[in-house]
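Chain by chain, the residues run as shown.
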Amino acid sequence: MFERHLDSAVATEALGARLAGGLTPGCVLYLSGDLGAGKTTLTRGLLHALGHPGTVKSPTFTLVEPYRLDGWRLFHWDLYRLADPEELEYLGLRDQIDGEAVLLVEWPEHGSGELPPADLEITLGYAGEGRICRLEPRSPFGQAMLAGLA
Amino acid sequence: MLILGIETSCDETGVALYDSERGLLAHALHSQVRLHAEYGGVVPELASRDHVRKLLPLLREILRRAGATPDAVEGVAYTRGPGLIGALLVGAAIGRGLAWAWNVPAIGVHHMEGHLLAPMLELEPPEFPFVALLVSGGHSLLVEVDGVGRYRILGESVDDAAGEAFDKTAKLLGLPYPGGPALARLAEQGDPQRFRFPRPMTDRPGCDFSFSGLKTAAINTWRGLEPTPANRADVARAFEDAVVDTLAIKCRRALQATRLRRLVVAGGVGANRRLRERLRELLAELGGHVYYPRLEFCTDNGAMIAYAGWRRLAAGQYDDTAIEVLPRWPLDSLPAVN
C-alpha cells in the first residue's frame, strides 16, 4: 500500500501523470472517493501525460468517455448514475475487455459483479483543504505501478 | 412534409411528429407516458437506458395522438451523435430501418443542433444569427449560430457541465440526486451576503467554463459548517449566485465579441429562475432579446430532432442506408444548409 497527501488539484494531477508511466495494456484502475475528491482531476493528469491534448470532461453524464492516444486505447468510466451493474452489458463494457484497452473506473462499487477485477485501487479522501490518496495493488501489474512511484 | 424524429442519445427516449406546414403534431418522452401494459408490467429500473423496448410503443402512441398512419411519414430523423454508442445505435437502427421499410429518406441529426434549433418550434422564433447558450447536465456550450449548420463554438466547459455541478453540489448538501432544481429552491432562502465563491475562468479572456472547482469550493465551505438548514441554504445561495454570475459574464462576452443581440438559452439549467432573470436584465441592458424553448423542450426530446432533421431533409440532405453513429461529433463540422 502507498499513501500520499495531496495539497491541491495540481498535486492530484501530478500524481495521475506519474501513474501514466506505469500503465500496462489491458490494466484496470478503480477510482473511489466522494464527489469532488479529485477522481476526474487525477484522470486528467494521467491522460495529459499520455499525450491527450484536449480537455478531460467529467464522464458522469455520458457514463463513459473513450480516448485513443498514441499507442493506447483508454476508457474513462463513471458509474455514478448507473442504476444496476447489469446495465454495463447494455453499455458495451464487454467489448472493451480485450487485453489492450485500459479501463479507468470511477464509482466502481456501482458496477460490482460486472466489472473486471482491478489491478490497482485508488481511493481519494478529504484531508482538510487537501486530499489523501491511497493506492492498493491487486495484481502484479498494480504492484509494478506502485514500484514505479516509490 | 411530415417528419418522424427519434432521440436516444442518452437516458431519454423521445419521439415526435413534425409537419413543415402544420408544425408539431405530437411528441412523447418515455417518462411522460404510462405504457406499462404494453411492456407487460412496470419497466424495470435496470432498463432505464434500454431504448429498444420503449421506442415502438412510443411511436405507436404519437401516431395515434396525431391521427396519422405510418404511410403519411415522409422522412425520418434520428440522433446520430454525440452520445452513448449503445443508446445511439438503437435510435439509428430503428430510424434507418423504418425509413427503409417506408421507402422515405432518413437523416442522422446532431444532438446539439437539435437543442440549438429547439426555440424555432415556438410561436416567436429567433432570427439568425444569434448566440446560443446550451447548459444542461451533460453540456455547457456557447455557440455563434449564423444559420442551420453554421456554428462556431465560442466556449465550452473544460470539466463538469453546469447542470452536473448543480446536481453534485446538491448531493453534497444532502439533497437527493439529481437535485439541481431542489438546490435552486433551497438557495431562495439563503443569505446572498454570507459566502462568496469564485467565478471560475472569468478573470481571463475567452468564453470557456469550468465548474469543477466551484463544486470543490462549496464542499470545503460546507464541511467546515454545522449542517443546519440555514447553513445549507446559505451555501446553496452562494453556489447558485456563482454559477449564474459566471454564465452571465460569459454570455455578455460572447454577445460583445459577436456584436449580436439575440441570445438563445437551451438545456435543463435554462429553467433556472435566477439565471433567466439575470439574462433578461443583461439583454435589456444591451438592447436585445433572450429566447427560450418551452420548458419540456429544454431537456432532451424528439421534437427538436424532428425539426432539425426537417431543415436538412428539406434542403436535399439525406443519408445512405448504412447505420452509422458518432459518439463524438464536433458541432462545427456539420455541413451548412442554405
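Keep in mind the model is a prediction, meaning the values are calculated, not measured.

Trainee: Before we move on, can you summarise the overall build of chain B with the specific residues and values?
Mentor: Within chain B, the secondary structure is distributed over ten helices and ten strands. On C-alpha atoms alone, chain B measures out to a radius of gyration of 21 Å, which is about the 20 Å that the 2.2 N^0.38 rule sets for 338 residues. Along the first, second and third principal axes, the C-alpha set of chain B runs to 65 × 50 × 30 Å. Taking the intrachain contacts of chain B between residues at least 6 apart in sequence as the baseline, contacts between residues at least 24 apart amount to 72%. With an accessible surface of roughly 13700 Å², chain B has 51% of that area assigned to carbon and sulfur atoms. Across chain B, 38 positive and 40 negative side-chain charges occur, with their mean positions spaced 3 Å apart.

Trainee: Can you explain the environment of I153(B)? Please cite residues and give values.
Mentor: Residues and elements named next belong to chain B. Here I153 lies in strand β8 (residues 150-156). Sequence spacing of I153 and C207 is 54 residues, and the spatial spacing of their C-alpha atoms is 9.3 Å. Excluding its chain neighbours within four sequence positions, the residues that come into contact with I153 are L141, L142, V143, L331 and D332.

Trainee: Can you explain the sheet that holds strand β3 (residues 64-69) of chain A? Please cite residues and give values.
Mentor: Residues and elements named next belong to chain A. Strand order in the open sheet formed by seven strands is β1-β7-β6-β2-β5-β4-β3, with mixed pairing between adjacent strands. This sheet does not close on itself; its edge strands, each paired only once, are β1 (2-6) and β3. Averaged over all adjacent pairs, the angle separating strand axes in this sheet is 15 degrees, with direction ignored. Judged from the eight bridges that link them, strand β6 (residues 120-127) and strand β7 (residues 130-137) form a sheet pairing that is antiparallel. Across the sheet, residue A127 finds its bridge partner in β7, namely G130.

Trainee: Quick rundown of the packing of aromatic side chains? Include the residues and the values.
Mentor: Residue and element names in this part refer to chain B. Applying the stated criterion across every chain yields a total of seven aromatic pairs over all chains. Aromatic side chains F128 and F130 sit 5.5 Å apart centroid to centroid with 15 degrees between the ring planes, which places their arrangement in the stacked category. By relative accessible area, which is 26% here, F128 ends up partly exposed. Within the aromatic cluster, the residues linked to one another by ring pairs are Y18, Y307 and W310. The ring of Y292 has R276 sitting right over it, with the charged end atom 3.8 Å from the ring centre.

Trainee: Can you explain the sheet that holds strand β2 (residues 14-19) of chain B? Please cite residues and give values.
Mentor: All names here are of chain B. What the five strands build is an open sheet, ordered β3-β2-β1-β4-β5; its pairing is mixed. Edge strands, defined here as strands with exactly one partner in the open sheet, are β3 (23-29) and β5 (106-110). With direction set aside, neighbouring strand axes in the sheet form an average angle of 20 degrees. Relative to strand β4 (residues 75-81), strand β1 (residues 2-7) is paired through four bridges, and the arrangement is parallel. When the bridges of β4 are listed, I3 appears paired with G75. Along the sheet, helix α3 (residues 85-102) contacts β1, β4 and β5; its crossing angle with β4, the most-contacted strand, is approximately 160 degrees. Strand contacts of helix α10 (residues 302-314): β1, β2, β3, β4 and β5, with the helix running at about 130 degrees to β1, the strand carrying the most contacts.

So, how was this worked out
- Residues numbered from 1 in each chain as written.
- Chains lettered and ligands numbered in written order.
- Predicted model: local features only at pLDDT ≥ 70, side-chain atom pairs only at ≥ 80, totals over all residues.
- Heavy atoms only, no water.
- Helix = DSSP H or I, 4+ residues; strand = E, 2+ residues; numbered from the N terminus.
- Rg over C-alpha atoms; globule rule 2.2 N^0.38 Å.
- Contact = heavy atoms within 4.5 Å.
- Areas by Shrake-Rupley, 256 points an atom, 1.4 Å probe, with all protein chains shown as cover.
- Lys, Arg positive; Asp, Glu negative; His and termini not counted.
- Charge placed at Lys NZ, Arg CZ, Asp CG, Glu CD.
- Pairing = 2+ DSSP bridges.
- Axes fitted to C-alpha atoms, helices over the stretch in contact; angles between N-to-C directions.
- Phe/Tyr/Trp six-rings, centres within 6.5 Å; stacked < 30°, edge-to-face > 60°.
- Buried < 20%, exposed > 50% of the residue type's maximum accessible area, 1.4 Å probe, protein only.
- Lys NZ or Arg CZ within 6 Å of the ring centre and 35° of its normal.

Geometric descriptors of this kind do not, in isolation, establish any biological role.
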